[in-house]
Amino acid sequence: MAKHFDLIVIGTGSGGSTAAGKCATAGWKVAQIDSRPFGGTCARRGCDPKKVLVGAAELIDWNLRMKGHGISGATSIDWQELMEFKRTFTQPVPENREKGMERVGITPIHGRASFVDEETIEVNGETLKANNFLIAAGAKPAPLPIDGFEHLITSTQFLELDELPDKLIFVGGGYISFEFAFIAALAGAQVEILHQGERPLEGFDADLVNILLERTGELNIKVHLNTEVKSVTKDGNSYRVEASQKGNAQTYTGNLVIHGAGRVPDIDNMQLKEGNVERTKEGIKVNEYLQSISNPNVYAAGDAVDSNGLPLTPVAGFESHVVASNLLDGNHRKAEYPAQPTAVFTIPPLAMVGLTEQQARDAGNDIEVNFKKTDEWYSYRRTNESTAAFKTIINKETGHILGAHILGSKAEEIINLFAMAMNQNLKATALKKMVYAYPSHASDIPYMV
Ligand SMILES: Cc1cc2nc3c(=O)[nH]c(=O)nc-3n(C[C@H](O)[C@H](O)[C@H](O)COP(=O)(O)OP(=O)(O)OC[C@H]3O[C@@H](n4cnc5c(N)ncnc54)[C@H](O)[C@@H]3O)c2cc1C
């Protein structure tokens, strides 16, 4: 007879784990499944290991900037040693997660889950039944129409490289390419980014992205725009990338070609049809309670759901909370998203929350826009940074902040204060009146609004 659970969670990342833990703690019989070692993308092959590498690259950058300003002597990245250090974060994750699950009574299951019918899934040839399912299967690199697509390595493989090759080519100009490009360039590699659109980092403020591009230029990271990759062929130890730039054929060569051209929900091989679970290109189709519109036994969270949430770790966690509330007490909590701050961890980072200037205008707001380069401000001169700027967008009628965009060191921290102000409905004047610790990057905020 098939084993029966109150809840089966597919995925052990941020989208699955909160709900699994809360329901198990409430006394539900819960199973949590993953086809990979437990822990999900962020902790094992995403945010956390990436930021360890970013930390080392920041040190190199800081050292370079301060040359001739009191710092002498070169620092360099020992890639193998850095990877060893990175593994001290990623390797313990699966075992720690599994122990954590067992502590709260969750049944851990290793294997790939697929639906058999509305109440049944199959894993490793075994059928399991549940009253409720949570699909939190995350995302995978998007398939691309490139001949020789198999030669591209993924972000996961990049984060496991034992050696950093001399010359890297990134396909796509999104946050993964930009973050890895800065790491690789500061570790001594030559880097090119091929992006098919007019501008890279499309969701971020265009003016700040242009200033960031000055920094990529200074570091000799070559960004080729309007460049569509057609094919990749292997030629001994190197790869030949054929592309079309506004109709003109271009060829690039490198020792490694990395996929940085977007991610899609990892739900193709889950037999969703058998489970009567409808989907879109963006993920599982859900109602405002994050419940499947076609199978009420199923909820979805994280990168695998088609929702108003950004594909980010804290958002996956937020959605998992919403699902847990609705599972435990019936549908009553809507997925009402707070302001979602996000950062691209280039060096320096670029962070944003809320609307872009264009979005604010398109929504018909009467806005005040404050946009300024800040490299002459004390916070950045102190560390000899040439790349720093901000843009804030304020509703003229109400005084509320509609969006904030910050480029420069500590941007990923300052942006959280703007997110808090937006979530608490504070007016820009409230941020102006605050007393801040000084000298700190946050103490610049009154001059940004
Ligand atoms: C390189 C990189 C850097 C990132 N950096 C950041 C960052 O700095 N900040 C940030 O907020 N976000 C970042 N993200 C995004 C963040 O990692 C994701 O938004 C987050 O991990 C989503 O969580 P999730 O639970 O939805 O999915 P995941 O954490 O991906 O977990 C889903 C799990 O489901 C498993 N699974 C899939 N299908 C099945 C199946 N059929 N059966 C069993 N198991 C299955 C997968 O193996 C996976 O472990 C980054 C992502 C990448 C790739």
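In case you missed it, the structure is sitting above this.
Everything numeric here is computed off the predicted structure, so don't read it as measured data.

Caption draft 1: Local environment of the pattern of salt bridges. Within the structure shown, the criterion is met by 24 salt bridges. Here Asp205 and Lys391 are joined by a salt bridge, their closest N and O atoms 2.9 Å apart. With a gap of 186 residues between them, Asp205 in the loop between strand S9 (190-194) and helix H8 (206-218) and Lys391 in strand S23 (residues 389-395) connect regions that are remote in the sequence. One exposure class covers both Asp205 and Lys391, and it is buried. Between Glu228 and Lys230 there is a salt bridge whose closest N-O contact spans 3.8 Å. Under the relative-accessibility criterion, Glu228 is labelled partly exposed at 34%. Through salt bridges that share partners, Glu84, Lys86, Arg87, Glu160 and Asp162 make up one connected network.

Caption draft 2: Geometry of the sheet that holds strand S17 (residues 283-285). The 3 strands are arranged S16-S17-S19 in an open sheet whose pairing can be described as mixed. Unpaired on one side and paired on the other, strand S16 (279-280) and strand S19 (305-306) mark the two borders of the sheet. Where S17 and S19 come together, 2 bridges link them in parallel fashion. Bridged to Lys285 within S19 is Asp306.

Caption draft 3: Layout of the side chain of Lys391. On the accessibility criterion, Lys391 (1% relative accessible area) is buried. A polar contact of 2.7 Å, which involves the side chain of Lys391, links it to the side chain of Glu357. Setting aside its immediate chain neighbours within four residues, Lys391 contacts Asp205, Asp207, Leu208, Glu357, Val369, Asn370, Phe371, Gly403, Ala404 and His405.

Caption draft 4: Geometry of the pairing of strand S5 (residues 120-123). Sheet analysis places strand S4 (residues 113-117) next to S5, joined by 4 bridges and oriented antiparallel. Of the residues in S5, the one forming a bridge with Asp117 is Thr120. In this structure, the hairpin formed by S4 and S5 is closed by a connection of 2 residues. For S5 and strand S6 (residues 126-135), the ladder comprises 4 bridges, and the chain directions are antiparallel. Counterpart to Val123 in the pairing with S6 is Glu126.

Caption draft 5: Spotlight on helix H12 (residues 411-423). For H12, with 13 residues, the first-to-last C-alpha span of 18 Å sits near the 18 Å given by 1.5 Å per residue. One or two residues past the end of H12 sits Asn425, with phi positive at roughly 60 degrees.

Caption draft 6: Structural context of the layout of surface pockets. What the second largest pocket holds in volume is close to 300 Å³. Around the second largest pocket, the lining is made up of 15 residues, and of these Glu58, Trp62, Glu385, Ser409 and Lys410 lie nearest the centre. Broken down by secondary-structure element, the contributors of at least two residues to the lining of the second largest pocket are helix H3 (47-66) and H12. If you tally residues by element for the lining of the second largest pocket, the top one is H3, at 4 residues.

Caption draft 7: Inspection of the site of the ligand at higher detail. Contacts to the ligand come from 38 residues, most closely from Gly15, Asp34, Arg36, Thr41 and Lys50. For the ligand, a nitrogen atom lies 3.5 Å from a polar atom in the side chain of Tyr175. In this structure, an oxygen atom belonging to the ligand sits 3.2 Å away from a main-chain N or O atom of Pro311. A total of 1,000 Å² of accessible area belongs to the ligand in isolation, and the protein chains cover 96% of it. Counting residues per element, the shell around the ligand draws most heavily on helix H2 (residues 40-45), which supplies 4 residues. For the shell around the ligand, a count of residues per class yields 16 nonpolar, 14 polar and 8 charged.

Calculation criteria
Residues numbered from 1 in each chain as written. Predicted model: local features only at pLDDT ≥ 70, side-chain atom pairs only at ≥ 80, totals over all residues. Heavy atoms only, no water. Salt bridge = Lys/Arg side-chain N within 4 Å of Asp/Glu carboxyl O. Helix = DSSP H or I, 4+ residues; strand = E, 2+ residues; numbered from the N terminus. Buried < 20%, exposed > 50% of the residue type's maximum accessible area, 1.4 Å probe, protein only. Pairing = 2+ DSSP bridges. Polar contact = N/O pair within 3.5 Å; in protein donor to acceptor, adjacent residues only side chain to side chain. Contact = heavy atoms within 4.5 Å. Expected span 1.5 Å × (residues − 1). 1 Å grid on protein atoms, 1.4 Å probe; cavity = no way out; pocket = protein on both sides within 12 Å on 5 of 7 lines; lining within 4 Å. Points joined across faces, edges and corners; volume = space filled by probe spheres on them. Near = heavy atom within 4 Å. Areas by Shrake-Rupley, 256 points an atom, 1.4 Å probe, with all protein chains shown as cover. Nonpolar A, V, L, I, M, F, W, Y, C, P; charged D, E, K, R; others polar.

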